Amino acid sequence: MSYGDSSIPRRRFDSLVIGAGGGGLRAALQLAQAEANVAVVSKVFPTRSHTVAAQGGMNAALANVLPDNWHWHMYDTVKGSDYLGDQDAIEYMCRAASHLVVELDHIGVPFSRLDNGKIYQRPFGGQSQNFGGEQAARTCAAADRTGHAILHSLYQQNIRAKTHFFDEFFAIDLIKDEEGYVLGALVLEIETGEPILIEAKTTLLATGGVGQLFRTNTNARINTGDGLAMALRAGIPAQDMEFFQFHPTGIAGKGMLITEGARGEGGYLLNNDGERFMERYAPNAKDLASRDVVSRAIYLEVREGRGCGPQGGYVHLKLDHLGTEVIKKRLPGIRDTIMTFLGIDPVESLIPVYPTTHYTMGGIPTNRFGQVVVPLQQSAEEPIPGLYAVGECACVSVHGANRLGGNSLLDIVVFGRAAGNHIIDFLKENRHHRAMNQEGVALALERLARWEKRGDGESVDELRQALQSAMEEYCGVFRQEDVLQQGVDKVLEIERRLADVTLKDQSKLFNTARIEALELENLVDIGVATVVSALARKESRGAHSRTDYPERDDEHWMKHTLFYKEGRKLDYKPVRTKPISVDSFPPKKRVY
Ligand SMILES: Cc1cc2nc3c(=O)[nH]c(=O)nc-3n(C[C@H](O)[C@H](O)[C@H](O)COP(=O)(O)OP(=O)(O)OC[C@H]3O[C@@H](n4cnc5c(N)ncnc54)[C@H](O)[C@@H]3O)c2cc1C
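Computed from a prediction, not measured in an experiment: that's the story for all the values here.

Participant: Would you take a moment to explain unusual backbone geometry for this structure?
Facilitator: In terms of backbone geometry, most residues other than glycine have negative phi values and most peptide bonds are trans. Across the junction of Val396 and Ser397, the peptide omega takes the value -5°, indicating a cis bond. Looking at where Ser397 falls in the secondary structure, it is placed in the loop between β18 (394-395) and α11 (407-429).

Participant: Just checking my understanding: could you explain the site of the ligand for this structure?
Facilitator: Looking at the ligand, there are 37 residues lining it, with Ser49, His50, Thr51, Glu392 and Ser408 nearest. Note that an oxygen atom of the ligand is positioned 2.6 Å from one of the side-chain N or O atoms of Ser49. A distance of 2.7 Å is found between a nitrogen atom of the ligand and a backbone nitrogen or oxygen belonging to Ala171. Across the complex, the protein chains shield 98% of the 1000 Å² of accessible surface that the ligand would expose by itself. Among the elements that line the shell around the ligand, the one with the most residues is α11, at four residues. Classifying every residue of the shell around the ligand by side-chain character gives 13 nonpolar, 20 polar and four charged.

Participant: Quick question: what am I supposed to make of the sheet that holds strand β21 (residues 559-564) here?
Facilitator: Working definition: the strands of a sheet are paired by backbone hydrogen bonds and lie parallel or antiparallel to each other. Pairing in this open sheet of three strands is antiparallel, and the strands run β10-β21-β22 from one edge to the other. Among the strands making up the open sheet, the edge pair consists of β10 (238-239) and β22 (569-574). Bridge analysis of β21 against β22 gives six bridges, and the strand direction is antiparallel. Residue pairing in the sheet places Tyr564 in a bridge with Lys569 of β22.

Participant: Please clarify how the domain arrangement of the protein chain should be interpreted in this entry.
Facilitator: A common measure of how large an interface is: the accessible area buried when the components associate. One can read the domain layout of the protein chain as domain 1 (250-359) and domain 2 (452-551). Put simply, the middle of domain 1 and the middle of domain 2, counted by C-alpha atoms, are 29 Å apart. Contacts between the two partners involve five residues from domain 1 and, on the opposite side, five residues from domain 2. When the two sides are added together, the surface that domain 1 and domain 2 hide from each other amounts to roughly 470 Å², 71% of it contributed by carbon and sulfur. The largest contributions to the domain 1 side of the interface with domain 2 come from Asp292, Arg296 and Tyr299, which together make up 75% of the buried area. Counting every contact that joins domain 1 to domain 2 gives zero salt bridges.

Participant: Explain the pairing of strand β2 (residues 38-42) here, please?
Facilitator: If a strand is regular, its side chains alternate between the two faces of the sheet. For β2, a buried count of five out of five residues is recorded, marking the element as mostly surrounded by other parts of the structure. Along β2, one buried face is formed by Val38, Val40 and Ser42 and the opposite face, lined by Ala39 and Val41, is buried too. Examined bridge by bridge, strand β1 (residues 10-18) and β2 share four bridges and lie parallel to one another. Residue pairing for β2: Ser15 is matched across the bridge by Val38. Handedness of the crossover joining β1 and β2 through helix α1 (residues 22-33): right-handed.

Participant: Please explain the environment of Gln157 as it appears in this structure.
Facilitator: Position of Gln157 among the secondary structure elements: in helix α4 (residues 146-161). According to the relative accessible area criterion, Gln157 is buried, its value standing at 14%. Residues Gln157 and Ser581 lie 424 residues apart in sequence; the distance between their C-alpha atoms is 33 Å. In contact with Gln157, not counting residues within four places along its chain, are Leu29 and Ile107.

Participant: How should I be thinking about the sheet that holds strand β14 (residues 351-360) in this particular structure?
Facilitator: The sheet built from four strands is open, its strands ordered β11-β14-β13-β12 with antiparallel pairing. The open sheet terminates on both sides in strands that have one partner only, identified here as β11 (244-251) and β12 (268-270). Sheet twist, expressed as the average angle between the axes of neighbouring strands with direction ignored, equals 50°. Pairing geometry for strand β13 (residues 315-318) and β14, over three bridges, is antiparallel. Note that in β14 the partner of His316 across the bridge is Pro352.

Participant: Whenever I open this one, the packing of aromatic side chains confuses me. Can you help?
Facilitator: Between two aromatic rings, the relevant description is the distance of the centres plus the angle of the planes. Throughout the structure, instances matching the rule amount to 13 aromatic pairs. On the numbers, 5.5 Å between centres and 70° between planes, the contact of Phe45 with Tyr155 is edge-to-face. Linking Phe45 in the loop between β2 and β3 (58-59) with Tyr155 in helix α4, this pair joins segments that are 110 residues apart in sequence. Judged by its relative accessible area of 30%, Phe45 is partly exposed. By relative accessible area, which is 14% here, Tyr155 ends up buried. Over the aromatic face of Trp557 sits the side chain of Lys559, whose NZ or CZ is 5.0 Å from the ring centroid. Of note, Lys559 hangs over the ring of Tyr572, and the distance from its end group to the ring centre comes to 4.6 Å.

Participant: Quick question: what am I supposed to make of the nonpolar core here?
Facilitator: Inside soluble globular proteins, nonpolar side chains tend to come together where they are buried. If you look at the biggest cluster of nonpolar residues, it comprises 83 residues, and the most contacted ones within it are Leu205, Leu213, Ile236 and Ile364. For this core, the element with the highest residue contribution is helix α15 (residues 510-536), accounting for 13 residues. Counting 67 residues, the second largest nonpolar core, distinct from the first, contains Leu204, Phe243, Ile412 and Ile423.

Participant: Would you mind showing me how to read the pattern of salt bridges here?
Facilitator: Close approach of charged atoms allows side chains of opposite charge to pair. All chains considered together, the criterion is met by 49 salt bridges. Of the charged contacts, one joins Arg306 and Glu301 as a salt bridge, the two residues approaching to 2.8 Å between their closest N and O atoms. As a salt-bridge pair, Glu481 and Lys538 come within 3.3 Å of each other at their nearest N and O atoms. Remark: Lys538 occurs in the loop between α15 and β20 (545-546) and Glu481 occurs in helix α14 (residues 481-498); sequence separation between them is 57 residues. On the basis of relative accessible area, Glu481 is assigned to the partly exposed category, the value being 29%.

Participant: Help me understand the packing of α1 against α4 in this model?
Facilitator: Helix-helix packing is described using two parameters, namely the angle between the two axes and the distance between the axes. Between α1 and α4, the least distance of the axes is 9 Å, while the angle of their chain directions is 25°. In this view, α1 runs roughly parallel relative to α4, as classed from their interaxial angle. α4 is crossed by α1, and the crossing has left-handed handedness. Contact with α1, carried on its side by Gly22, Leu25, Arg26, Ala28, Leu29, Ala32 and Gln33, involves Leu151, Leu154, Tyr155, Gln157, Asn158 and Ala161 of α4 and no other residues of that element. Looking at side-chain class alone, the contact of α1 with α4 contains eight nonpolar, four polar and one charged residues.

Participant: So what exactly am I meant to see when it comes to the side chain of Arg296 here?
Facilitator: Mapped onto the elements of the fold, Arg296 is located in helix α8 (residues 291-303). Of the residues examined, Arg296 reaches a relative accessible area of 18% and is grouped as buried. Once residues lying within four places of it in the same chain are set aside, the contact partners of Arg296 are Val477, Phe478, Gly542, Ala543 and Ser545.

Thresholds, definitions, all that
Each chain has its residues counted from 1, running along the sequence as written. Since the coordinates come from a predicted model, pLDDT governs what is reported: local features require at least 70, and pairs of side-chain atoms require 80 or more to be given and counted, while whole-chain, interface and lining totals use all residues. Water and hydrogen atoms play no part in the side-chain values, which are based on all heavy atoms of the structure. Helix and strand assignments follow DSSP, with helices taken as H or I runs no shorter than four residues and strands as E runs no shorter than two, numbered in order from the N terminus. The nearness test applies per residue and asks whether one of its heavy atoms lies within 4 Å of the molecule or strand. Nitrogen and oxygen atoms within 3.5 Å of one another constitute a polar contact, given that in protein one can donate a hydrogen and the other can accept it, and given that sequence-neighbouring residues count only through two side-chain atoms. Using a 1.4 Å probe, accessible areas were evaluated by the Shrake-Rupley method; residue-level cover was limited to the displayed protein chains. Here the nonpolar group is Ala, Val, Leu, Ile, Met, Phe, Trp, Tyr, Cys and Pro; Asp, Glu, Lys and Arg are the charged ones; every other residue, Gly included, is treated as polar. At least two bridges found by DSSP between two strands are what make those strands a pair. Domain ranges listed in this record stem from an automatic or a database domain assignment. Contacts are assigned to residue pairs with any non-hydrogen atoms lying within 4.5 Å of each other. When two parts are put together, the accessible area they lose, computed with a 1.4 Å probe and summed over both, is reported as buried area. Salt bridges are defined as contacts in which a side-chain nitrogen from Lys or Arg sits within 4 Å of a carboxyl oxygen from Asp or Glu. Exposed residues in this analysis have more than 50% of their type's maximum accessible area, buried residues have under 20%, and partly exposed residues fall in between, with area computed by a 1.4 Å probe over protein chains only. Consider the strands pointing away from the viewer: the crossover is right-handed when the path from the first strand over the helix to the second runs clockwise. Orientation is described by lines fitted to C-alpha atoms, with helices fitted over the stretch in contact, and by angles between N-to-C directions that extend from 0 to 180 degrees. Each Phe, Tyr or Trp ring, with Trp reduced to its six-membered ring, pairs with another whose centre is within 6.5 Å; inter-plane angles below 30 degrees give stacked pairs, above 60 give edge-to-face pairs, and intermediate values give tilted ones. For a lysine, the NZ atom is tested; for an arginine, the CZ atom; a charge sits over a ring if that atom is within 6 Å of the ring centre and within 35 degrees of the ring normal. Working definition of a nonpolar core: buried Ala, Val, Leu, Ile, Met, Phe, Trp, Tyr and Cys residues. They are joined through side-chain atoms within 4.5 Å. For classification purposes, angles smaller than 35 degrees are called roughly parallel, those larger than 145 roughly antiparallel, those between 65 and 115 roughly perpendicular, and all remaining angles oblique. Each helix crossing is assigned a hand: it is left-handed if the near helix lies turned anticlockwise from the far helix by less than a right angle, otherwise right-handed if that turn is clockwise.

In structure tokens form, the structure reads like this:
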């Protein structure tokens, strides 16, 4: 096949959205309803995006079960972020939350109900009433299939609004012009292997997280950080990549998620002595302390010999005391997962659990309108014209160093909508497509051509596994200088080995094999960003726990990390500590 530029088919839209998870679909809906001509590209059928797997729910201070207001939600989020979250964005998100839950209810999300007909809310980790007081119940849930309900409703609304879908198309690279405007992207039709150029006045990245960087994770196979790597290659830095969330309750040895909602419903953790050990680590919040705190506690219990099982390699989650009724009504999907993967029934058995990689706090730097921003001088930022990012691939940053459960489904709808609104204004002022940059197209095509080559070199799968194991071993729950340095060396060696990877000569598998190779390149770029950023941050904050620097150091490190691919350069920018309308929450010691 010839990749001569003139042979590539082209399509033109006002707006291109890359990613059909909740973030991309919420933005596309806003655009389509405003009668913009919008294309959504997704490498899997939209309703297979990872949002579909979200279980526990979405936070909003509706106060349906216990007293609540958005200001308390904001406080919990700032504290949960270990003061690395940007407070303007956090205020914006928490204020918008109730309105957006009601909106989802109206477009068809079947939220679970209380007896009085109001939306059901469950307690989740890190939630409090009255700025750090009693446990709150803020997570709106559709049983334990909340993401499924949200994603399907958003997809159906998009179909109704006439959003144009490119299902099973893989985005390769952004195209920029010399003035820095983003002009669209080169994408690949997976079925035929043909590249297509999609030109657009605005491009929004909503490609989700990078859980596949680690061996044990809760993420879908497709969560390989493609959008983030596309941004890195376009010269945009990756922000706060040292912060990956390890979820405390993955099924031990397998990694699948057991929602925090299981503890929200009253489940708790036990060690081998039958002790409810979280009482020692977080006397008030206990099992509903923030995720970083609970993950570290499990890790320490196991390391100090109080783990369960033949090798003492995990702890137990106890649900059986909740009763069959509650488990069947509130946690039916979890029960299914446990029965399928462990062959036991949580109604009568303890569940073996261990921390598993879950959520990417870092990502493409944006402001609260979803615009991708790059720092100029200290504290000034400049948007990249025509480029937006929302959802897990973005870092706005509402989650800072540690995300609270239930805040990500909220993040994707809040900022999906905000970006949609901002794009509508941008389109009013930028009415014409700019001239295509042929050199940019040629460069993106070169990346594709590299995977035409076949041979007997190292396989994509081998190298991917090597990367995942290295990340888990050298950049896991606890970190320290010498181990991280070895991690950097290992990952850089993997980066070098990438040059020798070839696809096997199995033409039937060729197209999917080529996609996996492109994904591996993306994972490697992000792996480098992660270990380099983690080695540099000499403090413990949120999910980044350094045994050699166990304390948080606000004097030197209350700042966001920025990693540039070119020259593997690091830079930093200040946290936006000023909210929009209320007083800021100054850093305090974080206890639960
Ligand atoms: C098991 C699990 C349970 C969770 N539970 C909760 C919860 O209860 N509450 C909560 O708040 N959060 C939860 N989260 C987190 C939350 O679900 C995610 O952060 C959020 O849904 C991400 O949405 P997104 O729109 O950013 O991306 P995703 O839903 O991951 O979608 C990414 C999209 O990008 C597309 N894409 C990626 N790369 C390319 C490419 N190269 N070309 C074309 N398309 C591409 C994919 O096809 C997909 O459509 C959970 C996460 C997991 C993994």
